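A look at the structure
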Amino acid sequence: MIFNIEKHKALYVVFLAMLAATPPLSTDMYLAAIPQIAEGWNIGVDLANLTLVLWFLTFSICILIAGSLSDKYGRKPILIAGLLIFICASFFCAASQNIHQLILSRIFQGMGAAAPSAIVMAIIRDRFSGVERQQAIAYVMTIVAIAPMVAPLMGAFLLEWYSWRVIFLLQGSMVLLTLVIASSFSETLKEKLTTPLLHLVTRYRIHFSNREFMFASLGMGLLSLPFYGYLAFSPIYYISLFGLSEKLFGLFFGLNALSSMFGAYMATRIARRVGSKGAITWSICGCILAGSGLLLLAAQHYLFFLFFMALFAFSIGFSRPISAALILGLVQTDVGSASSFLIFYQFISGALCMAIVTYQWSHPVLVYSLLTLVTSLVVLLIWKMIEGQINSEH
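Remember, predicted model here, so these are calculated numbers, not experimental data.

1. Looking at the packing of aromatic side chains
- This structure, assessed with the given rule, holds 15 aromatic pairs.
- With 5.0 Å between their ring centres and 10° between their planes, Trp55 and Phe59 make a pair best called stacked. Taken as a pair, Trp55 and Phe59 lie in helix α5 (residues 50–73) at a separation of 4 residues, close to a single helical turn. Across the pair, exposure class does not vary: Trp55 and Phe59 are buried alike.

Here is the structure:
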């Protein structure tokens, strides 16, 4: 291992953030290119959108597989394999001659992106404990939060001067750099599973029987519903309902991501004063306040929506590193699969929420506001039920 983890902790965390940023970079960077792809090949946008939909489907499934494989074979070999698949798939995306080749290449790209996303949290769990684990998660999330702000701007800039193919070339080149760095680090998993490969998937039953872990992860994970719902609902609200420009929408979207990043940055600092459990309680209360504000004022003016969604994003960013550290502290074995399950659950529940908020409701703002408020109240109830069972030292 080239870097000493104690002396170069910041560099190590930046490396983990580079890994965790692989999925958002591979989706957000090329979103603006979908209409151009459809027009260039004279196909419908719905067919071009399959490059995104099937990416998410493959990613969600493979993330469960990657986590379990990392528990058996180690973090590093699965990580290296995933990065190699992603790099090759990115270059194949750039070289695609028709939509079918691009869809297939994107499927493999989603497969490759699953490995770093699944393994980052497991590496943090392997390497850090207690407050250091919270800090590492917070720093990674803070850096990763920049991706949704920067990636669309990078994609738009490239499209202005180059073909959409350059976007995939850049993705492959960026992850190639990550691969070079990853190859220099040593394995973090100390004890590997001896479970036969064909029976590896059954290891998830260990987590299903861990009542504290399942209750905490499913409960706290509910906050992902309005968070991911915002991704689908925000263009409807700002552009369709209030008629704002795409540029102003992009600015507001970036401010929301900035609020989440700032929340993650402040998490461990405030947690030192009020404790991990107290910090989670306050963050959920912030979500409830945001949901109440949305319910009362979001339909009146878009600035109210902007303010209260920024508060919600800050509260989510604040709670995630602390709650994730506590939840992973409830797991003693199969940490890779546990980390994968957390991410898989967030993506699946988030996708469900996207479907709900984009339905043709007669009062869409009311529906989204109620979803945000009710979800936050339910999470607070669940948290209070399990708070006393969780050791805050995890």
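2. A few points about the environment of Ser283
- By the secondary structure assignment, Ser283 is in helix α15 (residues 276–297).
- Ignoring anything within four residues of it in the chain, the contact list for Ser283 reads Ser315, Phe318 and Ser319.

3. Quick look at the side chain of Thr375
- Counting through the fold element by element, Thr375 comes out in helix α18 (residues 364–386).
- We classify Thr375 as buried; its relative accessible area is 8%.
- The residues touching Thr375, leaving out its near neighbours within four places in the chain, are Leu222, Leu223, Pro226 and Leu370.

4. Quick notes on the confidence of the model for the chain
- Residues of the chain with pLDDT of at least 70 account for 79%, and the chain-wide mean is 78.
- Under a pLDDT of 50 for its full length, residues 1–6 has, in the predicted model, 13 contacts with residues more than four places off or in other chains.

5. Observations concerning the state of the cysteines
- With the rule as written, the count across this model stands at 0 disulfides.
- Considering cysteine sulfurs only, Cys285 is the nearest to Cys287, which forms no disulfide, with 9.2 Å between them.

What counts, and at which threshold
Residues numbered from 1 in each chain as written. Predicted model: local features only at pLDDT ≥ 70, side-chain atom pairs only at ≥ 80, totals over all residues. Heavy atoms only, no water. Phe/Tyr/Trp six-rings, centres within 6.5 Å; stacked < 30°, edge-to-face > 60°. Helix = DSSP H or I, 4+ residues; strand = E, 2+ residues; numbered from the N terminus. Buried < 20%, exposed > 50% of the residue type's maximum accessible area, 1.4 Å probe, protein only. Contact = heavy atoms within 4.5 Å. pLDDT = per-residue confidence, 0-100. Disulfide = S-S within 2.5 Å.

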